[in-house]
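Okay, here's what each chain looks like letter by letter:
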Amino acid sequence: MSDGATRENFGLTASGEKVERVTISAGGLTAHVLTWGAVIQDLRLDGHQPPLVLGFDNFDDYPKYSSYFGATPGRNANRIDSGKFTIDGKTYQLELNEKGVTHLHGGSDNIGKRNWLLMEHGPDHVVLQIVDPDGRAGYPGNCTVTATYTIREGGVLSMVYETTTDKPTIANICQHSYFNLDGAQTTLGHEIEIAADHYLPTTDRQIPTGEIRPVDGTVFDLRRPVPVEREENGEQVTYDHNFCLSSERVAKRRVARVTAPASKVSLEVHTTEPGVQFYSAFKLNTGAPGLEGRRYGPFAGLCLETQIWPDAVNHDGFPKAILRPGETLRQETDYIFTKG
């Protein structure tokens, strides 16, 4: 099935649900978006041959091999310590889907691994929606999440996530694309800049310790462009940390920039969010070929996940993580691509 070459069947889930792929385009940027996981499956910039993101050409590889490639995990992205949190005096226990000790990205059947409803689409935008039911993975409340992806002139991929609930709960939605701006085997040749004065150190379980540590004098000082390939004590630095952009959600502003000198392609990130998780994908080892048969090993892409700080519900002084009935959590991010 095709709808003006903008909407087509992409596969079937294990339960037989139809997965659709919608193509949106404007101003030299083209995105292919799946109903499954609200995934950005492919992203292309005119004048630049390789894909800008990691993904798969075949749907069956996503449930089997994807490390959240292009997905929208939730209802609470990132990690919750021991899967526990308390709201209004009541303690909730979430599924411990990461090594049996932490809760990650909303659980094993999170919204990044389920089929969304295609609500609307046009040449330059698509709207997807999913209801995360009360009790799934231990979460209270029925949560409705709406994702609106729009491509605008100037190489802008805009995303707006809106979340509502019928019971007090925690919610935090993000976009989990892995970017590669030059098509090389790794992104170690990229340069990165993040406008954060502080970051969150973590335990060996990758849970924030609670300290909000200055980046000064550390390998986490990315306030000026530095290569992703950098060493400390003779070893490559491995990033999977939250960079603290602000203490609360604010008007959308520029927070990060990545450049690939080899291709002269740059990515700017503008967001409303108080944090960005920079993951350099050092753990990546994909068991199937990706787009155009590419092999994805360590550092094949990098993630800039704009979001509320991880485990925020369990730390005083972290940004607000609780969503209540009558409120709408609105999270906005623009990924802006240019070729110099």
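As named in an unreviewed UniProt entry, the chain is Aldose 1-epimerase, taken from Rhizobium skierniewicense. Per UniProt, the chain has the following entry under Catalytic activity (unreviewed entry): "alpha-D-glucose = beta-D-glucose". Under the UniProt heading Sequence similarities (unreviewed entry), the entry covering the chain gives this text: "Belongs to the aldose epimerase family."

1. Things to note about the pairing of strand β9 (residues 117–122)
Across five bridges, the pairing between β9 and strand β10 (residues 125–132) is antiparallel. When the bridges of β10 are listed, L117 appears paired with Q129. Between the antiparallel neighbours β9 and β10 lie two residues.

2. Here's the deal with the packing of aromatic side chains
In the structure shown here, the tally under the stated rule is 18 aromatic pairs. Pairing F69 with Y178 gives two aromatic rings, centres 5.0 Å apart and planes at 85°, and the pair type is edge-to-face. On the criterion of sequence distance, the pair formed by F69 in the loop between α1 (61–65) and β5 (79–81) and Y178 in the loop between β13 (169–170) and β14 (191–194) is long-range, its members being 109 residues apart. For the pair F69 and Y178, one class covers both residues: buried.

3. Here we look at the UniProt feature "active site" (unreviewed entry) in the chain
The UniProt record marks H176 and E305 with the feature "active site" (unreviewed entry), using the residue numbering of this structure. Despite a sequence span of 130 residues, these residues sit close together in the fold, their greatest C-alpha distance being 5.8 Å. For the largest pocket, the lining residues drawn from the annotated set are H176 and E305. Structurally, the position occupied by H176 is in the loop between β13 and β14. Dropping the residues within four chain positions of it, H176 is found in contact with S67, Y68, F69, G70, A71, P73, H105, C303 and E305. Structurally, E305 is set in strand β24 (residues 303–307). Look at E305 and you get buried, because its relative accessible area is 3%. With residues near it in sequence (within four places) discarded, E305 still touches H105, C174, Q175, H176, G275, V276, Q277 and Y279.

4. Remarks on the side chain of T306
Topologically, T306 is positioned in strand β24. Engagement of the side chain of T306 in a polar contact is seen with the side chain of T333, the distance being 2.6 Å. Sequence-distant contacts of T306, that is, excluding residues within four places in its chain, are made with I173, C174, V269, T271, E273, G275, V276, T333 and Y335.

5. Points about the pattern of salt bridges
Pairing is possible between side chains of opposite charge, provided their charged atoms come close. Enumeration according to the criterion identifies 29 salt bridges in this entry. One salt bridge in this structure joins R79 and D240, with 3.9 Å as the shortest N-O distance. Highlighted residues: R79 in strand β5 and D240 in strand β20 (residues 240–244), separated in sequence by 161 residues. The pair formed by R79 and D240 is uniform in burial state, with each residue classed as buried. A salt bridge links E162 to R330, with the nearest nitrogen and oxygen atoms 2.9 Å apart. With E162 in strand β12 (residues 156–165) and R330 in strand β26 (residues 329–339), the pair connects residues that are 168 residues apart, well separated along the chain. You can call E162 partly exposed: its relative accessible area is 28%. Among the residues examined, R330 registers a relative accessible area of 38% and is labelled partly exposed.

6. Quick look at the state of the cysteines
Under the defined criterion, the tally for this structure stands at zero disulfides. Sulfur of C244: no disulfide; nearest cysteine sulfur belongs to C174 and is 16 Å away. Exposure remark for C244: the relative accessible area of 8% places this residue in the buried category. Its sulfur unpaired, C303 is 8.6 Å from the next cysteine sulfur, which belongs to C174.

7. What about the nonpolar core?
In terms of nonpolar packing, the biggest core is built from 57 residues, with Y149, I194, F243, L304 and F337 touching the most fellow members. The contact partners of I194, leaving out residues within four places of it in the chain, are L222, R223, F243, L245, V255, A256, V276, F278 and L304. Grouped together as the second largest cluster of nonpolar side chains are 21 residues, F10, W36, Y279 and A300 included.

8. Description of the sheet that holds β14
Here we have nine strands laid out as an open sheet, ordered β9-β10-β11-β12-β26-β22-β21-β14-β17, and antiparallel in their pairing. The open sheet has two free edges, formed respectively by β9 and β17 (226–227), since each of these has just one partner strand. Sheet analysis places β14 next to β17, joined by two bridges and oriented antiparallel. Looking across to β17, one finds that I192 is bridged to V226.

Conventions we followed
Residues numbered from 1 in each chain as written. Predicted model: local features only at pLDDT ≥ 70, side-chain atom pairs only at ≥ 80, totals over all residues. Heavy atoms only, no water. UniProt positions renumbered as here; feature names shortened; annotations may be inferred. Pairing = 2+ DSSP bridges. Helix = DSSP H or I, 4+ residues; strand = E, 2+ residues; numbered from the N terminus. Phe/Tyr/Trp six-rings, centres within 6.5 Å; stacked < 30°, edge-to-face > 60°. Buried < 20%, exposed > 50% of the residue type's maximum accessible area, 1.4 Å probe, protein only. 1 Å grid on protein atoms, 1.4 Å probe; cavity = no way out; pocket = protein on both sides within 12 Å on 5 of 7 lines; lining within 4 Å. Contact = heavy atoms within 4.5 Å. Polar contact = N/O pair within 3.5 Å; in protein donor to acceptor, adjacent residues only side chain to side chain. Salt bridge = Lys/Arg side-chain N within 4 Å of Asp/Glu carboxyl O. Disulfide = S-S within 2.5 Å. Core = buried A, V, L, I, M, F, W, Y, C linked by side-chain atoms within 4.5 Å.

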